[in-house]
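Chain and residue survey
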Amino acid sequence: MRFLLLLSLTFATCLGAAETPDKKKGARLVDLNGDGHEDVVVSNAQEYGVYLYVPKERAKKNLQWDEGWSQVMREGKAGDANSLPLLVRADGSDAGVTFREGAMWIESTKQHIPFSELLRVPGPAPKSPQESLKTLRLKPGYEATLVAHEPLVQDPVFVDWDAKGRMWVVEMGDYPFAPGEKTKDGSLGQDKVSPLQAGRVKILEDTNGDGVYDKAALFLDGLKHPTGLAPWKDGVFIANIPDIFHAEDTDGDGKCDKRETWFTGFTAGNPQHLVNGFAWGLDGWLYGANGDSGGSLTCVKTGKKVELGTNDFRFDPRTGEFALEGGRSQYGKWRDDFGNWFGNNNSTLGWHYWLPFRHLERHPEIVAKSVRGVLNEDKRVFPASPPVRRFNWASAVNTLTSGCSPMPLRNGDVPEVMVICEPANNLVHREVLNYDGAHITSTRHPDDAESEFIASEDNWFRPSLARTGPDGALYVVDMYRLVLEHPEWIPAEIAKGLDLRGGEDRGRIYRIGKTGAPRGRMTLEDPVTAMASSNGWARDTAQRLLLERGEASAIPALEKLCAESPAPSVRVQAAFTAMQLGGMTADEVFTHIKPQAARVRAAALTATGAQRDDVFGDLEKTLLQPAKTPPVVAAAMPVITNHNTDRQKVVAKYVADTTKLEGDVKRGAAVFQKVCLVCHKVRELGVEVGPDLATVATKPREQLIEAIFDPNRAVEQRNAATQITKKDKSLLVGQLASETPGNVTLRLPGGAEMVVLRTEIATQKTLTTSLMPEGLESVLSAQDVADVLAFIAGK
């Protein structure tokens with residue numbers, strides 16, 4: 001049953017003519033939360049529900065609730081997993097249930113349900129691994145196998161394999177809170193509440209060769225929000241705030257006994273926005289994603305200091321050298337067989353990073369507003385699971401809200417296909433890549449016009465990664481959690497009734513393969529032979545092993561593959577590997593791979609290291625701006641004249657003054673267009689410089705008023721202002737939209753973007769403030785605030 005924002009259909013059937021609950025239809029009035037207002041409990045032969053009364057003053061605090069019984073704690077059809085004992089029987093007779101002493105008493109059984117349980121938001125019930133497997137909807141010709149599940153794995157978010165075929169699993173058991181963490185406003189948090197409340201890395205093995213993992217070794221425990229890893233030599237690199245470190249098992253017992261930090265200083269924060277990785281590059285470097293949090297980094301091996309800013313990055317696992325890459329991606333940065341890199345964020349299906357930093361480092365005179373292009377603006381998704389109201393974005397239905405891990409499939413038989421995980425909607429989406437344009441774009445797969453490649457009917461299915469494994473099949477990592485949203489964006493009243501760690505002891509990993517197809521090899525023994533594989537994982541692992549060993553004896557075989565392999569992907573990767581082992585020169589590799597255009601583009605050509613400028617095709621050149629750009633004029637902001645030094649007094653006054661006021665949507669739209677439009681978006685109106693206000697509409701009213709009148713109290717890193725002082729003494733302040741080696745781009749109020757050459761910059765610093773100005777009390781009355789909040793809520 002669809003959860004509704006206002007009165008549910010269940011409750012509506014129990015209203016009498018005077019809109020009071022009808023006892024004969026199984027409704028009872030009782031104060032469940034002790035706030036002095038009677039709430040409603042409904043349970044009859046058809047439906048059930050628990051609805052808290054929201055008084056007028058409280059309705060004003062949260063824009064998603066109306067005055068009345070509008071806070072839905074649970075509802076559904078009679079007999080489902082979360083249903084309540086009947087209050088009236090099917091014939092309308094009283095079932096003998098009373099409410100007293102803080103509980104719901106069922107006289108016939110002498111059992112009782114505490115009010116605290118009635119106040120809990122249960123959500124859909126979890127399913128066993130086998131039951132959940134049966135709920136997967138796949139396209140014809142594919143089948144799913146459950147290759148790992150609890151207790152072998154719990155809270156998995158990332159996997160990779162070593163050459164032995166062992167699966168390395170990253171488990172984020174400390175989601176949403178590591179012990180002691182709290183939300184920014186301090187309203188929610190957790191101390192140590194569970195022995196599973198920590199990040200972990202495990203090694204899984206299939207000891208009998210049946211394709212199902214049956215042995216797990218706890219390699220490393222006690223991590224904080226780990227997000228990814230990559231094998232290297234006798235261990236793995238692990239992303240774990242605030243570090244990237246290398247961990248090894250030196251005595252073969254499956255446990256880490258040697259740990260060395262390589263990079264430190266990545267910004268801590270919300271676990272949905274942390275540094276993550278890693279993906280193997282054709283150049284033999286490991287690539288990672290920013291995560292939206294940035295950091296002031298120290299490269300331990302080299303002593304180099306780096307400001308990550310809005311960029312992604314790469315590092316050389318042989319030397320510790322660190323370099324910036326165009327960004328920023330939220331979770332997952334991955335490439336296709338031809339060196340093209342892709343990323344995304346929760347509300348963007350994907351980006352193609354078409355302009356490589358290495359070229360810009362050689363040509364700082366090039367001015368570029370952005371180094372990436374959007375793959376597809378279409379954000380429709382078609383979930384198979386029963387629709388459930390999102391706690392932090394109640395109006396989001398059938399739309400992309402948690403996109404992550406944009407992964408080109410690299411198994412040979414599905415060319416030009418990318419999959420994107422969407423855990424909020426319990427699905428894995430599929431796109432077809434188009435290489436014909438100035439930058440790579442994509443379209444929905446033709447077989448998925450009104451459906452998805454993989455979709456589960458289980459609301460707990462939370463895919464965070466889908467990638468090709470050693471056998472060429474697709475492996476889907478399912479964190480399997482009840483609550484996906486972080487409490488940072490859930491109203492505290494609702495969050496306190498949720499089991500925020502529901503599913504902490506569960507987790508599943510699926511293998512998706514062609515129906516009836518034999519399972520391929522999971523181990524890799526001869527890297528030279530493996531380089532000829534159509535499987536991208538096999539080629540990446542072969543290249544890694546050859547570089548680890550410095551195996552120059554492989555050069556003749558690799559050069560033979562370059563000349564004779566019928567597969568362009570093999571020829572390209574063999575050429576890069578031969579070059580890194582000291583065989584082919586950079587210019588030879590450049591000349592060898594360039595005829596593969598349009599798949600081979602500037603990213604791969606630049607990665608060769610050849611000192612060549614002919615890396616762009618004619619269409620790509622159209623994306624490059626002329627060196628001189630006309631000045632950009634920002635949209636006008638209201639003139640602020642009264643700057644109150646005590647922000648909290650202003651906040652308190654507006655909270656008090658708006659409590660007695662009714663908001664008007666029409667007037668609120670006018671206020672929004674006058675004051676807020678230049679920096680914020682609501683539905684289809686406005687410009688997204690600051691947060692889209694639809695995503696914060698569920699926040700308590702006091703928090704929203706505080707954000708208006710004390711905007712600098714808590715500023716997320718990605719929303720912080722950047723101040724640039726130019727050499728001509730002029731000052732610019734804006735949101736840092738992108739950075740390249742030659743310029744930075746500031747997004748100004750109104751959405752206009754100003755490109756500033758680095759040669760013109762005297763100083764640049766990130767401020768502790770946002771672009772939101774203080775002093776809006778000079779242009780907003782209390783009635784204006786009430787009106788604009790009503791408009792944001794859509795009331």
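Not measured: the values here are computed from a predicted model.

Helix and strand counts for the chain stand at 17 helices and 42 strands. For the chain, the proportion of its 795 residues judged to be buried stands at 58%. Here the analysis covers contacts within the chain between residues at least 6 apart in sequence; of these, 62% occur between residues at least 24 apart. Counting only carbon and sulfur atoms, one obtains 52% of the accessible surface of the chain, whose full area is about 31400 Å².

The subject of this paragraph is the sheet that holds strand 17 (residues 258-266). Taken in spatial order, the six strands make up an open sheet running 14-15-16-17-20-21, and their pairing is antiparallel. At either margin of the open sheet sits one strand with a lone partner, and together these are strand 14 (228-232) and strand 21 (305-307). Ignoring which end each strand starts from, the neighbouring axes of this sheet average 25 degrees apart. Where strand 17 meets strand 20 (residues 295-299), three bridges bridge the pair, whose relative direction is antiparallel. Across the sheet, the residue bridging to Thr264 is Thr298, located in strand 20.

Orientation of helix 10 (residues 568-580) relative to helix 11 (residues 586-593), taken along the N-to-C sense of each, is 175 degrees, at an axis distance of 10 Å. In terms of axis orientation, helix 10 runs roughly antiparallel to helix 11. Contact with helix 10, carried on its side by Arg571, Val572, Ala575, Phe576 and Met579, involves Ala586, Val589, His592 and Ile593 of helix 11 and no other residues of that element. Looking at the contact of helix 10 with helix 11 residue by residue, the classes come out as seven nonpolar, one polar and one charged.

Here we come to the pairing of strand 25 (residues 341-345). With five of five residues buried, strand 25 is to be regarded as a mostly interior element. Here strand 25 shows two buried faces, one formed by Trp341, Gly343 and Asn345 and the other by Phe342 and Asn344. Across two bridges, the pairing between strand 24 (residues 334-335) and strand 25 is antiparallel. From the neighbouring strand, Arg335 faces strand 25, where its bridge partner is Trp341. As consecutive antiparallel partners, strand 24 and strand 25 are separated by five residues, and within that stretch Gly339 has a phi angle of approximately 80 degrees, a positive value. Both strand 25 and strand 26 (residues 348-353) contribute to a ladder of four bridges, which runs antiparallel. Paired with Trp341 across the bridge in strand 26 is Tyr353.

Attention shifts here to the packing of aromatic side chains. Inspection of the entire model under this criterion finds 20 aromatic pairs. Seen in terms of ring centroids, Phe237 and Trp262 are 4.8 Å apart; in terms of plane orientation they differ by 85 degrees. Their pairing is edge-to-face. Pair noted here: Phe237 is in strand 15 (residues 235-240) and Trp262 is in strand 17, with a separation of 25 residues, a long-range link. Of the residues examined, Phe237 reaches a relative accessible area of 0% and is grouped as buried. Look at Trp262 and you get buried, because its relative accessible area is 7%. Ring pairs connect the aromatic residues Phe237, Trp262, Phe263, Phe266, Phe278, Phe313, Phe315 and Phe322, which therefore count as one cluster. A cation over an aromatic ring shows up here: Arg259 above the ring of Phe245, its NZ or CZ 3.9 Å from the ring centre.

Attention now goes to unusual backbone geometry. Here the residue pair Glu150 and Pro151 is connected by a cis peptide bond, since its omega of 5 degrees sits within 30 degrees of zero. Mapped onto the secondary structure, Pro151 falls in the loop between strand 9 (142-149) and strand 10 (156-161). Residues other than glycine seldom take positive phi values, yet Lys110 does so here, at roughly 60 degrees. When you line up the elements, Lys110 lands in the loop between strand 6 (103-106) and strand 7 (111-114). Even without glycine at this site, Ser405 takes up a positive phi of about 50 degrees. Assignment of secondary structure puts Ser405 in strand 28 (residues 404-408).

Turning to helix 15 (residues 665-676), its buried residues number three or more, namely Gly668, Ala669, Val671, Phe672, Val675 and Cys676. One side of helix 15 holds all its buried residues, which, seen down the axis, span an arc of 165 degrees. Every exposed residue of helix 15 that faces more than 90 degrees away from the buried side is listed here: Lys666 and Lys674. Residues of helix 15 that are buried in the fold lie against strand 36 (681-682), strand 37 (685-686) and helix 17 (782-793). The N-cap residue of helix 15 is Asp664: its side-chain oxygen and the backbone nitrogen of Lys666 are 3.1 Å apart.

When the terminal C-alpha atoms of helix 10 are compared, their 19 Å separation across 13 residues agrees well with the 18 Å that a helix rising 1.5 Å per residue should span. In terms of burial, helix 10 is largely enclosed, as 11 of its 13 residues are buried. Every buried residue of helix 10 is accounted for by Ser569, Val570, Arg571, Val572, Gln573, Ala574, Ala575, Phe576, Thr577, Ala578 and Met579. Close packing links the buried residues of helix 10 with strand 18 (276-280), strand 24, helix 8 (536-549), helix 9 (555-564), helix 11 and helix 12 (602-607). Once helix 10 finishes, Gly582 follows within two positions and takes phi at roughly 100 degrees, a positive value.

Let us now look at the sheet that holds strand 1 (residues 27-30). If you walk across this open sheet you meet the four strands as 1-2-3-4, and the pairing is antiparallel. Each edge of the sheet is formed by a strand with only one pairing partner; in this case those strands are strand 1 and strand 4 (68-77). Taking the axes of each pair of neighbouring strands and ignoring which way they run, one obtains an average angle of 15 degrees across the sheet. Sheet topology places strand 1 next to strand 2 (residues 39-43); four bridges connect them, and they run antiparallel. Counted as the bridge partner of Val30 is Asp39 from strand 2.

Scoring rules and cut-offs
Residues numbered from 1 in each chain as written. Predicted model: local features only at pLDDT ≥ 70, side-chain atom pairs only at ≥ 80, totals over all residues. Heavy atoms only, no water. Helix = DSSP H or I, 4+ residues; strand = E, 2+ residues; numbered from the N terminus. Buried < 20%, exposed > 50% of the residue type's maximum accessible area, 1.4 Å probe, protein only. Contact = heavy atoms within 4.5 Å. Areas by Shrake-Rupley, 256 points an atom, 1.4 Å probe, with all protein chains shown as cover. Pairing = 2+ DSSP bridges. Axes fitted to C-alpha atoms, helices over the stretch in contact; angles between N-to-C directions. Parallel < 35°, antiparallel > 145°, perpendicular 65-115°, else oblique. Nonpolar A, V, L, I, M, F, W, Y, C, P; charged D, E, K, R; others polar. Phe/Tyr/Trp six-rings, centres within 6.5 Å; stacked < 30°, edge-to-face > 60°. Lys NZ or Arg CZ within 6 Å of the ring centre and 35° of its normal. Arc of directions from axis to C-beta. Polar contact = N/O pair within 3.5 Å; in protein donor to acceptor, adjacent residues only side chain to side chain. Expected span 1.5 Å × (residues − 1).

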